[in-house]
Amino acid sequence: MNSKKLSKKEIEQLKLQKEKELNSLEFERNEEYLLELEKIKLNPLIINFDAENIQPIEEKGEVPARYPSGYDGFRREIAEKFCAGTIEAKGKMSTEIMFVIEKDGSIIDVKATGANDDFNRQAQLAVYLTEKQWRPATINGYPVRYRVKIPLHLNFD
């Protein structure tokens, strides 16, 4: 390695190059997310259920859908999958994410409503990219579809 000290100008150039490369990587990641979302929308997972062959669970009454690590774990996973680098915003951003948990525990029909379309789109992508399967809601032991609403707030400095 060269032990020469770098000038302030060279250090600034290296920082700018690093920032440019990181932005390029985030842009590529965002493009991959958008392509994945298009695949999901064009080829939704369709599962046909035969109600006669579903065995009831021994639970009675209404039981809501559950994420393996709970709602807080689900929010943490959304935060990990959220790509905020492509959003141009200042201050606090909010959206409400709504989706349906199917009888098999899969997520469908994700919608996000908020003031910033880019923020909403990234929130939708983050939900679709979560990896764990939900435990479906049940009524009298039978799995049912379940609508979930989760608010999401992020501060941009």
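Residues numbered from 1 in each chain as written. Predicted model: local features only at pLDDT ≥ 70, side-chain atom pairs only at ≥ 80, totals over all residues. Heavy atoms only, no water.

### Description of the overall build of the protein
For step 1, the next point in the chain: Counting its regular elements, the protein contains three helices and six strands.
For step 2, the next point in the chain: Sequence-ordered secondary structure for the protein, helices as α and strands as β, is α-β-α-β-β-α-β-β-β.
For step 3, the next point in the chain: Relative to its 157 residues, the protein shows a buried fraction of 31%.
For step 4, the next point in the chain: Restricting to contacts in the protein with at least 6 residues of sequence separation, those with at least 24 account for 76%. (Helix = DSSP H or I, 4+ residues; strand = E, 2+ residues; numbered from the N terminus. Buried < 20%, exposed > 50% of the residue type's maximum accessible area, 1.4 Å probe, protein only. Contact = heavy atoms within 4.5 Å.)

### A word on the sheet that holds strand S3 (residues 107-114)
For step 1, the next point in the chain: The strand order S3-S2-S6 describes an open sheet built from three strands, whose pairing is antiparallel. The open sheet has two edge strands with one neighbour each: S3 and strand S6 (146-156). Recorded for the sheet is a direction-independent mean angle of 20 degrees between the axes of neighbouring strands.
For step 2, the next point in the chain: Contacts from helix H2 (residues 70-81) reach strand S2 (91-101), S3 and S6 within the one sheet, and its direction differs from that of S6 by about 50 degrees. (Pairing = 2+ DSSP bridges. Axes fitted to C-alpha atoms, helices over the stretch in contact; angles between N-to-C directions.)

### Let's talk about the nonpolar core
For step 1, the next point in the chain: Counting 29 residues, the largest nonpolar core has Phe-74, Ile-97, Phe-99, Ile-107, Val-127 and Trp-134 as its most contacted members.
For step 2, the next point in the chain: Those elements giving two or more residues to this core turn out to be helix H1 (8-42), H2, S2, S3, helix H3 (117-128) and S6.
For step 3, the next point in the chain: With six residues, the top contributor of residues to this core is H3.
For step 4, the next point in the chain: If near-sequence neighbours (up to four positions away) are discounted, Trp-134 is found in contact with Ala-65, Arg-66, Tyr-67, Tyr-71, Phe-74, Phe-99, Ile-101, Asp-104, Gly-105 and Ile-107. (Core = buried A, V, L, I, M, F, W, Y, C linked by side-chain atoms within 4.5 Å.)

### Side note on a nonpolar patch on the surface
For step 1, the next point in the chain: Judged by side-chain polarity, Leu-6, Ile-11 and Leu-14 come together as a nonpolar surface patch covering roughly 250 Å² of accessible area.
For step 2, the next point in the chain: Along the chain, the position of Leu-6 falls in the segment before H1. (Patch = residues over 30% accessible without salt bridge, like charges linked within 9 Å, V, L, I, M, F, W, Y side chains within 5 Å. Areas by Shrake-Rupley, 256 points an atom, 1.4 Å probe, with all protein chains shown as cover. Salt bridge = Lys/Arg side-chain N within 4 Å of Asp/Glu carboxyl O.)

### Let's talk about unusual backbone geometry
For step 1, the next point in the chain: One non-glycine residue, Asp-109, adopts positive backbone phi at about 55 degrees.
For step 2, the next point in the chain: Following the sequence through the fold, Asp-109 ends up in strand S3.
For step 3, the next point in the chain: Given the relative accessible area of 33%, Asp-109 is considered partly exposed.
For step 4, the next point in the chain: Phi is positive for Asn-140, which is not a glycine, with a value near 50 degrees.
For step 5, the next point in the chain: Within the secondary structure layout, Asn-140 lies in the loop between strand S4 (137-139) and strand S5 (142-144).
For step 6, the next point in the chain: Overall, the relative accessible area of 42% leaves Asn-140 in the partly exposed class.

### As for the packing of aromatic side chains
For step 1, the next point in the chain: Considering all chains together, one arrives at seven aromatic pairs under this definition.
For step 2, the next point in the chain: Aromatic side chains Tyr-71 and Trp-134 sit 5.8 Å apart centroid to centroid with 65 degrees between the ring planes, which places their arrangement in the edge-to-face category. A residue pair is termed long-range when its members are at least 10 positions apart, and Tyr-71 in helix H2 and Trp-134 in the loop between H3 and S4 qualify at 63 residues.
For step 3, the next point in the chain: Taken together, Tyr-67, Tyr-71, Phe-74, Phe-99 and Trp-134 form an aromatic cluster joined through their ring pairs. (Phe/Tyr/Trp six-rings, centres within 6.5 Å; stacked < 30°, edge-to-face > 60°.)

### Overview of the pairing of S2
For step 1, the next point in the chain: Looking at chain direction, S2 and S6 are connected through eleven bridges and run antiparallel. Looking at S6, one finds that Phe-99 is bridged to Val-148.
For step 2, the next point in the chain: Between the antiparallel neighbours S2 and S3 lie five residues, among them Gly-105 with a positive phi of about 90 degrees.

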